[in-house]
Structures are given as C-alpha cells and as structure tokens.
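Chain and residue survey
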Amino acid sequence: MSTTNTSPRPFIYADNRLTCSGVDLTDLADTYGTPLYVYSADAIRERLGMLQTEFAAIPNTLCYAVKANSSLAILKLLSEQDCGFDIVSGGELERVRRAAPSALSRVVFSGVGKQVWEMDAALAADILLFNVESEAELEILSQRASAAGKIARIALRVNPDVFAETHPYISTGLREHKFGIAIERAREVYRRAAQLPNLEPAGVSVHIGSQIRDVEPFAQSLQRVRSLVEELRADGHNIRYVDGGGGFGIEYGNAAFNPAASVAAYATAIRSALDGLNAHLLLEPGRFLVAQAGALLTRVLYTKQNGTKHFVIADAAMNDLIRPALYQAHHEILPVIAASPEHARPNQTADIVGPVCETGDFFARDRTLPELRAGDLAVLLDAGAYGMSLASHYNTRVHPAEVLIDHGQPRLIRRRETLDSILAPELL
Ligand SMILES: *Cc1c(COP(=O)(O)O)cnc(C)c1O
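Residues numbered from 1 in each chain as written. Predicted model: local features only at pLDDT ≥ 70, side-chain atom pairs only at ≥ 80, totals over all residues. Heavy atoms only, no water.

Neighbouring residues of the ligand: 15 residues in total, closest Lys67, Ser210, Glu284, Arg287 and Tyr386. Between a nitrogen atom of the ligand and a side-chain N or O atom of Glu284, the distance comes to 2.5 Å. Taking Gly286, its main chain carries an N or O atom lying 3.0 Å from an oxygen atom of the ligand. Considered on its own, the ligand offers 390 Å² of accessible surface; in the complex 93% of this is hidden by protein. When atoms are counted within 2 Å of each cavity's grid points, the one that captures over half of the ligand is the largest pocket. Taken together, the residues that form the shell around the ligand break down as three nonpolar, seven polar and five charged. (Near = heavy atom within 4 Å. Polar contact = N/O pair within 3.5 Å; in protein donor to acceptor, adjacent residues only side chain to side chain. Areas by Shrake-Rupley, 256 points an atom, 1.4 Å probe, with all protein chains shown as cover. 1 Å grid on protein atoms, 1.4 Å probe; cavity = no way out; pocket = protein on both sides within 12 Å on 5 of 7 lines; lining within 4 Å. Sits in = over half its atoms within 2 Å of the grid points. Nonpolar A, V, L, I, M, F, W, Y, C, P; charged D, E, K, R; others polar.)

Below is the structure:
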C-alpha cells in the first residue's frame, strides 16, 4: 500500500479500515456515537495554505464564508492561520467574536437582508467591509454609522450578469437573481453612497454562485469589476478592495481532482483579470476549504427489500445532511470496513436512505456499493461544507456531534444535543 495520500480527501483505508488523518472511524463511532461529523484539521489547513500560496504575490485577505461550516473550533483553526471571515448575519458575527476575536478586523459582512441590530454589532466590532446589496440598505447603514459615530467602509455587491454553470439554487450572478445591484447602475449608486454621511466607498464586491468548477466565469466577472473600479476611481472614489466572493468548487464524485492544480488555475484567472489594478483582493472561499475535510459517519439500522428495490436505512438523515434532498447533490459513500475475504461483501445496488418521513430523505439512489448490513458503518464523503450548518431538528431529531482530528487526536468540538436541549425553548 502506498504511504502518501494522493486523494483530495483525508479519509483513506489502512488495512481495510477507513481512517481520518490516521484515526480509525470505528473507534470514533464507538466513542462518540453516530451520526457523527468527522473533520480533519490538517486537511482544512492544507486547503487554506494552497490559496495562501497561490495568492501570496498580491495583497489579499482570505475571508472564509462562515455559513459553509460555522463550528467555533473550525473558525478558530482558520483564524490561527490568519484567515478572515465572510459573515451573513449577526449570529455569524457572534461566532467570530467568540472563536476568533482578533479576526474581527478581517470580517466582511454580506447578505441581502441586514437588520439594524446586525449593522450595529458589526459597526461596534470595526469590521473591515460591508458588502451592501441595495440602495435602501445604504441609507440605513449610513444612519446607523452616524448614530454610532463610525465610518462604515462599504463595497457594493454588483451583479455582473455572468452565467456560471452550477445548480440553479446556488447560482447568483444573473440579473434575475435577488443578489446585488446591476453593474450598469453601480456608478450612480456609488455617487449616492459618497454623499451619504459616515459611509466610505472603499471596494467593489461580486459573488457569482457556488460550486463553480470552471475558472472562466470568475475571470469574466472580475474583468467587469475591474472596468467598474477604473470608472469609480475616475469618479473620485478611493476604491482599494476588490472582493471576488467565493464559489470555487470541488469534485464530489470519484473523478480525479487535484485541488492544488485547480487553485493554481483559479488564481491565474483572477490575477490576470486584476493585473496592474493595484487593489487589495478579498476572496470568500467556503466549500473549497472545508467540504472535503469532513464526512458524515453513520450506522446502518436496517436493510429491506421492496419489490425489486433494496433499501439501506441509515441512522443519519436529511436533517443531518440535506444536500442530496435539496440540490440532488451527489456524495460518495464508503463502507468503514472495506470488503475483503474475511469481510465478504458482494456488490449490491441500493437506495441509501434515512429514517425521516419524507420521500426526499435519501443520500443515494440505485448506488452500487459493497453490501451494507445492519450494524455496519459507512461515511458520506465531502460533507464538511453545507452539512452541519444546514442541519435541522426535523422529526425532532437532535443534531449530530462533531469531532475534529488534529495532530492525530480526535477532539469533540460539538456535543450531541439532547432532547432536553432542543425542547427547552418550547412552552406548554
Ligand atoms: C455562500 C457564499 C460564499 C461561499 O460560497 P462557497 O461556494 O462555499 O465558496 C461566499 N460569499 C458569499 C456572499 C456567499 O453568499
């Protein structure tokens, strides 16, 4: 067996047993129970390092999109490697304050519906930049900044009208989407912003969608942003920041994927679009940093045959990982104990489903895998992004626990909820 991990994922077999950064997943299931989110700290650091290396030649701040995975321990880990944060709510701001207070000066605040209390909290925290998405928001932010006696640095989130090939629910850069301000109107809105008290137009931001694999849409949208920055500077605005947003995708299937080479292509596209502009680049990667570092570990409860269809019923469900139900997303599934002569498991085609009362509660349909039997453990790969952060209590199920493997040691970073903890806010 090869000793170097050439996979883009930290989940690899050692002696037919699946491990994460050297820790046996069977041991984790025994210790912490299932369903369980398992993350590799090294894998997250490695991804951040790839981006840092590729962009080192130009002034930049990487602002991790907190919504991808907002666990405090993961925010802390990223901040220790100088990462900033992209937040979309006052709740996410509070997470950064608790996990990484020294990173508040590296926070950008995005979102179409910022509320007054959220603006006030962000102003008090002296965040780096507000990404403003409408003229109405500009007016309110100006009032709040004046009331606080602060100057809010702003970027308008412009909509470059660039099409990016991804799932329609996570594409955002077209005119028809709710996000941002049409780029044609931007100069006029910047003029207005500059007139309003306590606002300082300092950047331009763009975010065209999520899980974008091709680098061309990033290059196109930043070329449009570049022209706008030149016009805005000619209009007298001191535009120093270009926020290219997030959205850089990963390979969820088992096709070859070289993250370092992908980052190099992404960086080349962005750097050439902005070459000579003399701006500080901000990026908001979410999925790329954390998706492949995590997996959802689950135990098979039952199997059953309905007519010609075989079902594997796992203890994890759509409330723990909703991506398949919400976006028809594909997740690779691996048995924790690989099939072998001692552990004979012929291939079988089955639907892998959860216990929730919805037909949409499936992880895979007609997937051919080594047969899974009651009591077996399996993992859903690439579940580190938009997994736990989208978990719900549907069917009055508690959230999974989370474990981070760091320096070869597992550490519980979120306890499993209890029925008492989830019922506590309810009144009879
Ligand atoms: C969701 C989001 C991101 C992160 O997207 P990824 O696809 O996870 O990289 C970044 N910026 C904004 C404004 C977002 O809404």
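Pairing in this open sheet of three strands is antiparallel, and the strands run β1-β2-β3 from one edge to the other. Each of the sheet's edge strands pairs with one partner strand only, and the pair in question is β1 (11–14) and β3 (23–24). (Pairing = 2+ DSSP bridges. Helix = DSSP H or I, 4+ residues; strand = E, 2+ residues; numbered from the N terminus.)

Of the strand pairs in this sheet, strand β4 (residues 36–40) and strand β14 (residues 294–306) are connected by four bridges, and their pairing is antiparallel. Paired with Tyr37 across the two strands is Leu296, which belongs to β14. Relative to strand β19 (residues 377–380), β14 runs antiparallel, the two being bridged by four bridges. Each bridged residue has a counterpart across the sheet, and for Leu297 the counterpart in β19 is Val379. Of the strand pairs in this sheet, β14 and strand β15 (residues 309–314) are connected by six bridges, and their pairing is antiparallel. Bridging across to β15, Gln305 finds its partner in His310.

This part takes up empty space enclosed by the protein. Over the atoms, a rolled probe matching the size of one water molecule traces out where space is still vacant. Tallying each qualifying case throughout the model produces four cavities of 30 Å³ or more. Looking at the largest cavity, its volume works out to about 50 Å³. Around the largest cavity sit Thr298, Val300, Val312, Ala314, Ile333, Ile352, Phe363, Leu372, Ala378 and Leu380, which together line it. For the lining of the largest cavity, the secondary structure elements donating two or more residues are β14, β15 and β19. Of the residues belonging to the lining of the largest cavity, the class tally is nine nonpolar, one polar and no charged. (Points joined across faces, edges and corners; volume = space filled by probe spheres on them.)

Another aspect to go through is the domain arrangement of the protein. Per the domain assignment, the segments making up the protein are domain 1 (11–33 + 293–423) and domain 2 (41–290). Here the C-alpha centroids of domain 1 and domain 2 sit 32 Å apart. Counting residues at the interface gives 21 residues for domain 1 and 24 residues for domain 2. Summing both partners gives a buried area of about 1,900 Å² for domain 1 against domain 2, and 52% of it is carried by carbon and sulfur. On the domain 1 side of the contact with domain 2, Ala293, Tyr327 and Tyr386 bury the most area, a combined 29% of that side's loss. One salt bridge connects Asp406 with Arg45, and the closest N-O pair in it is separated by 3.1 Å. On the surface where domain 1 and domain 2 come into contact, there are eight residue pairs in polar contact (both at pLDDT 80 or more). No other element matches strand β20 (residues 401–406), which puts four residues into the side of domain 1 that touches domain 2. Partitioned by chemical class, the residues of the side of domain 1 that touches domain 2 number eight nonpolar, eight polar and five charged. (Domains from an automatic or database assignment. Contact = heavy atoms within 4.5 Å. Buried area = accessible area lost by both parts, 1.4 Å probe. Salt bridge = Lys/Arg side-chain N within 4 Å of Asp/Glu carboxyl O.)

So, about the layout of surface pockets. One number sums up the size of the largest pocket: a volume of about 620 Å³. Around the largest pocket sit 35 residues that line it, and Lys67, Val88, Phe179, His207 and Tyr386 are the ones nearest its centre. Broken down by class, the residue content of the lining of the largest pocket amounts to 13 nonpolar, twelve polar and ten charged. Two domains each put at least three residues into the lining of the largest pocket: domain 1 (11–33 + 293–423) and domain 2 (41–290). Taken as a whole, the second largest pocket encloses approximately 340 Å³ of empty space. Forming the boundary of the second largest pocket are 15 residues, of which Arg95, Met388, Glu402, Ile413 and Arg414 lie nearest the centre. Ranked by the residues each element gives to the lining of the second largest pocket, the list is headed by strand β21 (residues 409–414), at three residues. Partitioning the lining of the second largest pocket into residue classes produces four nonpolar, five polar and six charged. Both domains that furnish three or more residues to the lining of the second largest pocket are identified here as domain 1 (11–33 + 293–423) and domain 2 (41–290).

As a further point, take the packing of helix α5 (residues 116–124) against helix α6 (residues 135–148). In the contact formed by α5 and α6, the axes pass within 10 Å of each other and the chain directions differ by 50°. Between α5 and α6, the angle is such that the two are oblique. The way α5 lies across α6 gives a crossing that is right-handed. The segment α5 lies against α6, with Val116, Met119, Asp120 and Leu123 engaging Glu137, Ile140, Leu141, Arg144 and Ala145. (Axes fitted to C-alpha atoms, helices over the stretch in contact; angles between N-to-C directions. Parallel < 35°, antiparallel > 145°, perpendicular 65-115°, else oblique. Left-handed = near helix turned anticlockwise from the far one by under 90°.)

Within the largest apolar cluster, 108 residues are counted, with the highest numbers of intra-cluster contacts made by Phe85, Phe130 and Ile154. Residue-level mapping places this core at the junction of two domains, with at least three residues from each of domain 1 (11–33 + 293–423) and domain 2 (41–290). Setting aside residues no more than four positions away along its own chain, Ile154 makes contact with Leu129, Phe130, Val132, Leu138, Leu141, Ala193, Leu199, Glu200, Pro201, Ala202 and Gly203. (Core = buried A, V, L, I, M, F, W, Y, C linked by side-chain atoms within 4.5 Å. Buried < 20%, exposed > 50% of the residue type's maximum accessible area, 1.4 Å probe, protein only.)

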